[in-house]
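A look at the structure
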Amino acid sequence: MNTDLVKEQVINALQFRHATKHFDNSKKISEEDFNYILEAGRLSPSSLGFEPWKFLIVQNPEIRERLKEVSLGAVSQLDTASHFIIILSRTDVRYDSEYIFEHMKNVQKMPDEIMEFVSNALKDTQEARETINNERALYDWSSKQSYIAMANMMTSAALIGIDSCPMEGFNYDEVENILKEENLIKGENWKPSVMVAFGYRKEDPKRAKTRRNLNDIIEFV
């Protein structure tokens, strides 16, 4: 592996990426390329490997139109993005929930004694953080994981010249209500976490990327 080349490609992709407000709606991401972006999300790390997320890909124009009414920070992206994702986060991530045990057994293929050990460790953590009986705190824990997947998808997209934009500018309760009315959230174990749009920029950014100097944000101890 040419590590210098890989490093250059990643840094170039991060320089290329910007929060695209207006996409060229005449250009669509190919199925192959979008599957690659989704795979980057699927392979993303999560705490204890519990993958407390779902990627809801909203392509239906009628649903996008409904979402615009309660997503002021995403109107132009809903209008123009090739692909639009709402990442849902789980709320049923208590140490003893059915989801946690099902995931350990059927996805992670853990033996019973390891499942018991992990469950007890998670119980201790959730008790220490006083989240064990707090659905909002458990959702927040899941939601943090979803940002890892989103970041990986955006970087992977940028590596092949595809633009993106992450968004929190929406009414969470109203978006949740719409998704339930459209039968896209079934049950009570999911809540919207963040939105992210993908496509091809309509025009280049009007200014160069700005970031704080590296020395301003790091400290070795």
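Keep in mind that what you see is a predicted model, and the values were worked out from it rather than measured. (Residues numbered from 1 in each chain as written. Predicted model: local features only at pLDDT ≥ 70, side-chain atom pairs only at ≥ 80, totals over all residues. Heavy atoms only, no water.)

On the surface, Leu214, Ile217, Ile218 and Phe220 cluster together into a nonpolar patch covering about 480 Å² of accessible area. Position of Leu214 relative to the elements: it lies in helix H9 (residues 214-217). Classification of Leu214 by relative accessible area gives exposed; the value is 55%. (Patch = residues over 30% accessible without salt bridge, like charges linked within 9 Å, V, L, I, M, F, W, Y side chains within 5 Å. Areas by Shrake-Rupley, 256 points an atom, 1.4 Å probe, with all protein chains shown as cover. Salt bridge = Lys/Arg side-chain N within 4 Å of Asp/Glu carboxyl O. Helix = DSSP H or I, 4+ residues; strand = E, 2+ residues; numbered from the N terminus. Buried < 20%, exposed > 50% of the residue type's maximum accessible area, 1.4 Å probe, protein only.)

Quick look at helix H5 (residues 98-107) now. Turning to H5, its buried residues number three or more, namely Tyr99, Ile100, His103 and Met104. Each buried residue of H5 lies within a common arc of 130° when the element is viewed along its axis, so the set occupies one face. Turned more than 90 degrees from where H5 packs its buried face, Glu98 and Lys105 sit exposed. The inward-facing, buried residues of H5 abut strand E2 (83-90) and helix H6 (112-128). Phi turns positive, to about 55°, at Lys109, one or two residues after H5. (Arc of directions from axis to C-beta. Contact = heavy atoms within 4.5 Å.)

Turning next to the pairing of E2. Look at any regular strand and the pattern is simple: side chains alternate between the two faces of the sheet. Burial within E2 is extensive, with 8 of its 8 residues counted as buried. Of the two faces of E2, the one lined by His83, Ile85, Ile87 and Ser89 and the one lined by Phe84, Ile86, Leu88 and Arg90 are each fully buried. By the bridge criterion, 5 bridges tie strand E1 (residues 53-57) to E2 in an arrangement that is antiparallel. Bridge pairing in E2 links Phe55 to Ile87. Where E2 meets strand E4 (residues 190-199), 8 bridges bridge the pair, whose relative direction is antiparallel. Within E4, the position partnered with His83 by the bridge is Phe198. (Pairing = 2+ DSSP bridges.)

We now examine the sheet that holds E4. The strand order across the open sheet built from 4 strands is E1-E2-E4-E3, with neighbouring strands paired in antiparallel fashion. Sheet topology places E1 and strand E3 (163-167) at the edges, where each strand pairs with a single neighbour. Across this sheet, the average inter-strand angle for adjacent strands is 25°, counted without regard to direction. Sheet topology places E3 next to E4; 5 bridges connect them, and they run antiparallel. Bridging across to E4, Asp163 finds its partner in Gly199. (Axes fitted to C-alpha atoms, helices over the stretch in contact; angles between N-to-C directions.)

Counted by the stated rule, this structure contains 3 aromatic pairs. An angle of 70° between the planes, with centres 6.3 Å apart, marks the rings of Phe34 and Phe198 as edge-to-face. Separated by 164 residues along the polypeptide, Phe34 in helix H2 (residues 31-42) and Phe198 in strand E4 bring together distant segments of the chain. Here Trp53 and Phe55 contribute two aromatic rings whose centre-to-centre distance is 6.1 Å and whose plane-to-plane angle is 20°, an arrangement assigned as stacked. By the burial criterion, Trp53 is buried, and Phe55 matches it. (Phe/Tyr/Trp six-rings, centres within 6.5 Å; stacked < 30°, edge-to-face > 60°.)

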